[in-house]
Amino acid sequence: MVETRDVNRPAPTLGILGGGQLAKMTAAAARQLGCDVLVLEQPGRSLVAPALEGDWNDPAWTRKLAGLVDVVTLESEFVNLPALEAVPVLFPGVATMRLVQDKLLQKQTFAGAGLPVPRFADTPTPDAVRAFGFPCVLKKRRNGYDGKGNATVRSAAELPAAWAKLEGDRHALYAEEFCDFTMELAIIITRGRDGAVVRYPVVETVNRDHICHIVKAPHDDPRVADIAQRAVEAIDGVGSFGMELFLGRDGALMVNEIAPRVHNTGHYTIEACICSQFENHVRAVFGWPLGSPAMRAPAAVMVNLLGAADGPGMPQGLTEALKIPNVHIHVYGKSRSVRGRKMGHVTALGASVAEAAAAAQRAAGLIRFGA
Ligand code: ADP
């Protein structure tokens, strides 16, 4: 645990709220540029050293981190606003986080900026959901992730169970029209402190049990980057942002949501792009020039490695998987595998998406977390 900062040392220090895999990959990019890194994470939980061990939802701790570093950023959108307000130099800033943390406010902001979003409404009561109509997707306004704050409601008969599941009497919910999409798309946008923007390739994402499973790059759709850039500008975002969209059967695009941070759908950029989402995030928050998001290979595919069962944090099958060419394997170094937990990922580069997908899936199939 670091308590003091050597003021004679000129290396800029990046503070990160959270010490998970996103912080770890950001820290690697920051260190490549000569920066020091200090994360704030709960005791014994950080994947990044050094770590200040404390609660990133407590303003006393975030203020303490801010006093030890030059710039603070975050790896999770769920840090509460008082803790963020205690940080004088924070990117993305408090105003951006306030707009994004509440999914209803986020949708209202994007709709106000003229971006395509599914029809939505605030639904403080079950009657308001009935008035909105079915089928719909009922969502928690705050703190939903990996689909845990969502329920698809096909008819009025399904509403009581969905309302109870999401604890609608205790949590604010809103409703969205059910989008009958053919594909989910995503994109990383990085915006600098000076407003400069870089747009990564559009990717197709395949989710499994509401968790990102496969990311395929590139997906050719010239409309997506414009929408995402306008969205990041609408929330005055600084840093790397991941935006998810639906491609409807009618060909229309709808914005699903934006994450105010580096994103799972951008992990492929580490090996596949000239400057990764992580490096560009570091460049953005320090106010440095942004790097090129262009791809180094015609195609790249990323597959997430989830815990198959409870067990050790190191996987079986790694040595076999390492024999496959053009595959980059990331093991996050978590102490324990838990079923469904994100334990690592693989990215394969190739001449085509099909070729990269075959290599990435072969490698992922050989690696198993949990006994
Ligand atoms: P989370 O923030 O928990 O990841 P999302 O709002 O992104 O939740 O939704 C998770 C998944 O649920 C989406 O990736 C999509 O597959 C599905 N989903 C979300 N909203 C809708 C919608 N309006 N219509 C159809 N499916 C949806």
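This section reports on the structure supplied with the text. (Residues numbered from 1 in each chain as written. Predicted model: local features only at pLDDT ≥ 70, side-chain atom pairs only at ≥ 80, totals over all residues. Heavy atoms only, no water.)

1. Some words on the layout of surface pockets
Here is the rule: Only protein atoms enter the calculation, which uses a 1 Å grid: trapped sets of points that fit a 1.4 Å probe without letting it out are cavities, open sets showing protein on both sides within 12 Å along at least five of seven lines are pockets, and any residue with an atom within 4 Å of a point is a lining residue. Grid points are joined across faces, edges and corners, and a volume is the space filled by probe spheres set on the points. Runs of H or I in DSSP of at least four residues are treated as helices and runs of E of at least two as strands, each being numbered from the N terminus.
Of the volumes computed, that of the second largest pocket is approximately 470 Å³. Lining the second largest pocket are 18 residues, and of these R208, H213, N304, L306 and G307 lie nearest its centre. Among the elements of the structure, β12 (211-217), β15 (299-306) and α12 (353-366) are those that each provide at least two residues to the lining of the second largest pocket. Considering every element that reaches the lining of the second largest pocket, the biggest residue donor is β15, with 4 residues.

2. Some thoughts on the sheet that holds strand β4 (residues 71-74)
Note the following rule: The pairing criterion for strands is at least two bridges between them, as found by DSSP. Where helices are involved, their axes are fitted lines through C-alpha atoms of the stretch in contact, as for all axes, and angles between N-to-C directions lie from 0 to 180°. Any two residues having at least one pair of non-hydrogen atoms within 4.5 Å are treated as being in contact.
Reading across from one edge, β3-β2-β1-β4 is the order of the 4 strands in this open sheet, with parallel pairing throughout. Each edge of the open sheet is held by one strand with a lone partner, namely β3 (51-53) and β4. In this sheet, adjacent strand axes meet at a mean angle of 25° when their direction is disregarded. As defined by bridge partners, strand β1 (residues 13-17) adjoins strand β2 (residues 36-41) across 5 bridges and the pair is classed as parallel. Paired with L14 across the bridge in β2 is V37. Sheet strands in contact with helix α2 (residues 59-68) are β1, β2, β3 and β4, and its direction is about 175° off that of β2.

3. As for the site of the ligand
Put simply, the rule reads: Nearness is defined per residue: one heavy atom within 4 Å of the molecule or strand is enough. The term polar contact refers here to a pair of N or O atoms within 3.5 Å; inside protein, the definition further demands a hydrogen-donor-capable atom paired with an acceptor-capable atom, and it admits residues adjacent in sequence only when both atoms are side-chain atoms. Per-residue accessibility takes into account occlusion by the displayed protein chains alone, with areas from the Shrake-Rupley method and a 1.4 Å probe.
The environment of the ligand is formed by 20 residues, the closest being K139, G147, C179, E184 and E257. Between the ligand and the protein, one listed contact pairs an oxygen atom with a side-chain N or O atom of K139 at 2.6 Å. Here an oxygen atom of the ligand and a side-chain polar atom of N150 are 2.9 Å apart. Within the complex, 90% of the 540 Å² of free accessible area of the ligand lies under protein.

4. So, the packing of aromatic side chains
Rule in force here: Centres within 6.5 Å are what make two rings of Phe, Tyr or Trp a pair, Trp counting through its six-membered ring; a difference in plane orientation under 30 degrees is then read as stacked, over 60 as edge-to-face, and the rest as tilted. Each residue's exposure class comes from its accessible area (1.4 Å probe, protein chains only) as a fraction of the maximum for that residue type: buried when under 20%, exposed when over 50%, partly exposed otherwise. Geometrically, a charge over a ring is one whose NZ (Lys) or CZ (Arg) sits within 6 Å of the ring centre while staying within 35 degrees of the ring normal.
One pass over the structure, following the stated rule, counts 3 aromatic pairs. Plain terms: the ring middles of F286 and W288 are 4.7 Å apart, the flat faces sit at 20° to each other, and that makes the pair stacked. Since its relative accessible area comes to 32%, W288 is described here as partly exposed. The ring of F132 has R119 sitting right over it, with the charged end atom 4.1 Å from the ring centre.

5. Remarks on helix α5 (residues 103-112)
Looking only at α5, the buried set comprises K103, L104, Q106, K107, T109 and F110. At the N-terminal end of α5, a side-chain oxygen is found 2.9 Å from the backbone nitrogen of L104, two or three residues along, and the residue is D102. Of the residues trailing α5, G114 is marked for its positive phi of about 80°.

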